[in-house]
Amino acid sequence: MTDPTKKPTPAGLQLDNVEIFQGPRKLLGMHAIIGPGEILTLMGASGSGKSTLISAIAGFLPRSFSCTGNILLNGQSITSLPAEKRRVGVLFQDPLLFPHFSVLQNILFALPPGGKMAERCDKARSLLHDISMGEFADRDPDTLSGGQKARVALARVIASRPNALLLDEPFSKLDADLRDSMRQLVSAEVTRRKIPTLLVTHDKADAIAIDGPVLTL
Amino acid sequence: MNAKSSPLAIVPALVLALLLIPIGVATLSLLGTALDWKGGWWSHSLEPLQSASGSFEAVLNTPGFWTSAGLSYWIGILTALISLTIVMLFIATFLSSGWFVWIWGIMKPVLAVPHAVAAFGLLFLIAPSGFLIRLVSPELSGFERPPDWLVVNDPAGLSLALGLILKEIPFLFFVTMAALPQTDFRRTRIAASMGYGRIWSWFLSVFPGVYLQIRLPVFAVIAFASSTIDVALILGPVAPPTLSVRILHWMNDPDLSMRTTAAAGAIIQVAITLLAVLTWWAGEYLVLNLGRMAALRGWRFKRDKFLRFLSSLLMATSVLVVSVGLVLLALWSFAGVWRFPDALPRVWTLRSWSAEASNLWATGVRATIIALGAATLSLALVLASLENEYRSNRRATRLAWWTIYVPLLVPQIAFVGGLSVLFIRFSIDGTLWAVILVHMIFTYPYIYLTLSDPWNTFDTRYLSVARSLGKSMNRAFWTIRLPILLRPVLAAFALGFAVSIAQYLPTLLIGAGRQPTLTTEAIALASGGNRRVIGTYALVQTLLPLIVFALANLVPKLLWANRAGLQVRSVE
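Criteria and thresholds
- Residues numbered from 1 in each chain as written.
- Chains lettered and ligands numbered in written order.
- Predicted model: local features only at pLDDT ≥ 70, side-chain atom pairs only at ≥ 80, totals over all residues.
- Heavy atoms only, no water.
- Helix = DSSP H or I, 4+ residues; strand = E, 2+ residues; numbered from the N terminus.
- Rg over C-alpha atoms; globule rule 2.2 N^0.38 Å.
- Buried < 20%, exposed > 50% of the residue type's maximum accessible area, 1.4 Å probe, protein only.
- Contact = heavy atoms within 4.5 Å.
- Areas by Shrake-Rupley, 256 points an atom, 1.4 Å probe, with all protein chains shown as cover.
- Lys, Arg positive; Asp, Glu negative; His and termini not counted.
- Charge placed at Lys NZ, Arg CZ, Asp CG, Glu CD.
- Pairing = 2+ DSSP bridges.
- Axes fitted to C-alpha atoms, helices over the stretch in contact; angles between N-to-C directions.
- 1 Å grid on protein atoms, 1.4 Å probe; cavity = no way out; pocket = protein on both sides within 12 Å on 5 of 7 lines; lining within 4 Å.
- Points joined across faces, edges and corners; volume = space filled by probe spheres on them.
- Nonpolar A, V, L, I, M, F, W, Y, C, P; charged D, E, K, R; others polar.
- Domains from an automatic or database assignment.
- Salt bridge = Lys/Arg side-chain N within 4 Å of Asp/Glu carboxyl O.
- Buried area = accessible area lost by both parts, 1.4 Å probe.
- Polar contact = N/O pair within 3.5 Å; in protein donor to acceptor, adjacent residues only side chain to side chain.
- Right-handed = clockwise from strand over helix to strand, strands pointing away.
- Parallel < 35°, antiparallel > 145°, perpendicular 65-115°, else oblique.
- Left-handed = near helix turned anticlockwise from the far one by under 90°.

Asker: How should I be thinking about the overall build of chain A in this particular structure?
Answerer: If you tally the helices and strands in chain A, you get seven helices and nine strands. For chain A, the C-alpha radius of gyration of 17 Å lies close to 17 Å, the compact-globule estimate for 217 residues. Taking the principal axes of its C-alpha atoms as reference, chain A extends roughly 50 × 40 × 35 Å. Taken across its 217 residues, chain A has 53% of its residues classed as buried. Partitioning the contacts of chain A with sequence separation of at least 6, the portion at a separation of at least 24 is 70%. On chain A, roughly 9,500 Å² of surface is accessible, and the fraction owed to carbon and sulfur atoms is 52%. Treating the 25 positive side-chain charges of chain A as one cloud and the 22 negative ones as another, the clouds have centres 6 Å apart.

Set out below in structure tokens:
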């Protein structure tokens, strides 16, 4: 883990004395820098406010909570930006593929706007190909298996070219044998694309498999 | 966050204006007219009264006033009691069986049948010259001509209550279905495993929670039944009629001084409806204590087989009566010669249809325009309200629920009657947009009540995903939430359309007779008793909402044919 006392580096996701309150009660505080391609694992029991931290960073903190401190992404403060301008991708426990779109349309929805439709489709297909889902492009997401859905959800968030990625227990609902291959896939994608990543989990096996710095709440 | 300056923030104010300003206007109009306050819009074109309290005295001194008032009170309570009992017993009997979903599928279209149509169907079925007596005549009954029985328009209002019950059953069924998912009905199994009877288990473990949620709709049933106009004009007693019908006569009296009597009558109507609701309230307390006493004594009530059988029978009968009624309306519309003891017409003809074609078309088109306008505008307002609740992270409060129910809890004759005074004063009555606006007061609550549940159970993490993918709140609304919720949105629209098509009093009073629709025409025909013509209007009046319901069902199915995640899944 990068030493938080060092001078702030411009690259990566920086949580500068971030504290989250529920009413007057302090839920958690965090001070950390996550470098490009680095995965910081945050361990905590359920109810410790892990998911709330993710909401705060992604920009959809419920009104009953408040957040102090500063969140910086590549040196720029995103603390007061609305969620859609933060360029912070989130993977939830559930894949949450849009049920009214096909697999390909889910990816197209995520791609940043611009370019001809044919080019966009090519881009989306190659992203699906990267996760070996190329032949499922025109499928109804509801007909995919749990593992396939999880991979499409990963491809979708990658397609939006996020500057940081937040993982909210994304492996907890997968079968044990799928879990490991999904961890490797996520870890490989994140490293390859140099995306600073925060993983929150209550499962020690996640922390061990990801093999990065670990913080415990 | 930074959604504070959103234009959606004015939506609650708009809704309050739509629902509460008319109430204020109606109250002022009625009080002002009845008590002869000077200088308001209500005092325009009124003869000065002899004394301020004269109007109430005039109402109370009308011959048969107490009978009329008593009828309204009694019909309100009777209708609510019987329909609620049937629905509750039925759901208690069938909740855990697969039948349930199937039966609900049959009930839903009945919801779209306008009150007046169900009433006409019942009339054609049970009247002395109706289908039932024809079936047994002359062979079994020996009747060569219709017997002189007071089966309909009976002085106790029983046929009126029956006609109302036919439509309140699907309504209460519908609101109960919406309340059920929030209750854990595995509790009945615990009670059943202790040896409690099936119905009694439901009554002890699930009913209290469900009832709390459907209490306002039940009050709405009491209010509606105690003050209905259209059904009372078809099935209600005539000498004297119910109070609300008398008020309508006073309102339409060419003698303008009768308007003060009408206003006083409308205020008394509100009091009677309130009294009926208060009586019900006392009844609730009684049932609560009796139930608690029986439960604490451990009474099991195991032998409920007969009750279960009865509940199924009554429920099936109610659906059957409405369906047969519709068939009879269709038969009459195509009937040529159909003399009394014949069960079926001897000659079939299109003459009724061709004779009425141009007026059917004109009133049908107008009804459709009004209903499309009222349902579309209300739907837009409901969507804005719900989206505003989501964005400001606030749910409708208890007070807001009462506000939404206000138009359904205040007797229409008082509400719309009072409102029309203002419309007449400023000569905006009789216009199409005035009718649409007043219909919206009634379509908005129904659309809101239908849509709020699916809207709020939607997994908002989909929206979080969309926003973290760089889409704005508005984009997420249009491209994610609305398409995924297309089915409930269209279903709510269809219900709003049906509600508007069925509106009688607002169309009549605010339209000032210049905006006739299928419903006002059909009821105007009721007194004439021409069954063939009534059949044509009632049939078209039913077909319009049914078509919209069918489309609302079909469009999402076709659009999302290849999307398994959006298909209806069985309730179990």
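Asker: Please clarify how the overall build of chain B should be interpreted in this entry.
Answerer: Across its full length, chain B holds 24 helices and zero strands. Compactness check: chain B gives a C-alpha radius of gyration of 25 Å against a globular reference of 25 Å for 572 residues, within 12% of the reference. If you line up chain B on its principal axes, its C-alpha atoms span 65 × 65 × 55 Å. Long-range contacts, defined as pairs at least 24 residues apart, comprise 81% of the intrachain contacts of chain B with a sequence gap of at least 6. On chain B, roughly 25,100 Å² of surface is accessible, and the fraction owed to carbon and sulfur atoms is 68%. Distance between charge centres in chain B, computed from 41 positive and 23 negative side chains, equals 14 Å.

Asker: Is there a simple way to explain the sheet that holds strand β9 (residues 214-216) of chain A in this structure?
Answerer: Across a sheet, strands are paired by hydrogen bonds formed along the backbone, either parallel or antiparallel in direction. Residues and elements named next belong to chain A. Spatially, β6-β7-β8-β3-β9 is the arrangement adopted by the five strands of the open sheet, whose pairing is parallel. In the strand order of this sheet, the two ends are held by β6 (88-91) and β9, each with one partner. If you compare each strand with its neighbour and ignore which way they point, the axes differ by 20 degrees on average. Alignment of strand β7 (residues 164-168) against strand β8 (residues 197-201), held across four bridges, turns out to be parallel. The residue of β8 that forms the bridge with Leu 166 is Leu 198. The sheet contacts of helix α1 (residues 50-58) involve β3 (39-43), β6, β7 and β8, and relative to β7 the element is tilted by about 155 degrees.

Asker: Looking at this structure, how should I read empty space enclosed by the protein?
Answerer: The gaps of empty space that remain are located by a probe, the size of a water molecule, rolled over the atoms. Residue and element names in this part refer to chain B. If you walk through the whole model with that rule in mind, you get four cavities of 30 Å³ or more. Taken as a whole, the largest cavity spans an internal volume of roughly 610 Å³. Forming the boundary of the largest cavity are 31 residues, of which His 115, Phe 224, Tyr 446, Val 499 and Gln 503 lie nearest the centre. Those elements giving two or more residues to the lining of the largest cavity turn out to be α4 (99-112), α7 (158-179), α10 (207-227), α16 (398-409), α18 (432-457) and α21 (486-502). For the lining of the largest cavity, the leading source of residues is α10, giving five residues. Among the residues forming the lining of the largest cavity, the class breakdown is 23 nonpolar, five polar and three charged. Each of domain 1 (1-47 + 351-572) and domain 2 (60-349) accounts for three or more of the residues forming the lining of the largest cavity. By volume, the second largest cavity is sized at about 60 Å³.

Asker: Honestly, the side chain of Asp230(B) in this entry has me stumped. Any pointers?
Answerer: All names here are of chain B. Locating Asp 230 in the fold gives a position in helix α11 (residues 230-235). Although Asp 230 is buried, it forms no salt bridge, and the closest oppositely charged side chain is Lys 167 at an N-O distance of 10 Å. Apart from residues no more than four positions distant in its own chain, Asp 230 is found in contact with His 115, Ala 116, Ala 502, Tyr 504 and Ile 523.

Asker: In this structure, what is going on with the interface of chain A and chain B? I would like to understand it.
Answerer: Often, the extent of an interface is quoted as the loss of accessible area on bringing the components together. Taken together, the contact between chain A and chain B spans 29 residues of the former and 32 residues of the latter. Carbon and sulfur atoms supply 58% of the area buried between chain A and chain B, which totals about 2,700 Å² over both sides. Of all residues in chain A, Arg63(A), His100(A) and Phe109(A) give up the largest surface area on contact with chain B, accounting jointly for 28% of the area buried on that side. Of the charged contacts, one joins Glu84(A) and Arg467(B) as a salt bridge, the two residues approaching to 2.5 Å between their closest N and O atoms. One can count seven residue pairs in polar contact (both at pLDDT 80 or more) joining chain A with chain B. When residues of the side of chain A that touches chain B are traced back to their parent elements, those giving at least two are α2 (83-86), β6, α3 (103-110) and α5 (146-159) of chain A. By residue class, the composition of the side of chain A that touches chain B is 17 nonpolar, six polar and six charged.

Asker: Honestly, the environment of Ile39(A) in this entry has me stumped. Any pointers?
Answerer: Residue and element names in this part refer to chain A. Locating Ile 39 in the fold gives a position in strand β3. In this structure, the C-alpha to C-alpha distance between Ile 39 and Val 190, residues 151 residues apart in sequence, is 8.0 Å. When sequence neighbours within four positions are dropped, the list of residues in contact with Ile 39 reads Ser 187, Val 190, Thr 197, Leu 199, Ile 210, Gly 212 and Pro 213.

Asker: Help me out: how do you make sense of the pairing of β8(A) in this one?
Answerer: Two faces make up the sheet, and in a regular strand the side chains alternate between them. Residue and element names in this part refer to chain A. Across the five residues that make up β8, a large majority, five, are buried. Strand direction decides the pairing type here: β3 and β8, joined by five bridges, are parallel. Each residue of the ladder has a partner; that of Ile 39, found in β8, is Thr 197. Where the polypeptide runs from β7 across helix α6 (residues 176-193) and back to β8, its parallel neighbour, the crossover connection is right-handed.

Asker: Even after reading the chapter, I still don't get the packing of helix α15 (residues 351-391) of chain B against α18(B), so can you show me in this structure?
Answerer: Between two packed helices, what matters for the description is the angle formed by their axes and the separation of those axes. Residues and elements named next belong to chain B. Where α15 meets α18, the axes come as close as 6 Å, and the angle between the chain directions of the two elements is 45 degrees. The pairing of α15 with α18 is recorded here as oblique in orientation. Regarding α15 and α18, the two cross each other, and that crossing is right-handed. A class-by-class count of the residues in the contact of α15 with α18 yields 19 nonpolar, seven polar and three charged.

Asker: When you look at the sheet that holds strand β5 (residues 76-77) of chain A in this model, what are you seeing that I'm missing?
Answerer: Residues and elements named next belong to chain A. Spatial strand order, β2-β1-β4-β5: four strands in an open sheet with antiparallel pairing. At either margin of the open sheet sits one strand with a lone partner, and together these are β2 (25-34) and β5. Relative to β5, strand β4 (residues 65-73) runs antiparallel, the two being bridged by two bridges. Note on β5: the bridge partner recorded for Leu 72 is Ser 77. Strand contacts of α1: β1 (13-22), β2 and β4, with the helix running at about 120 degrees to β1, the strand carrying the most contacts.

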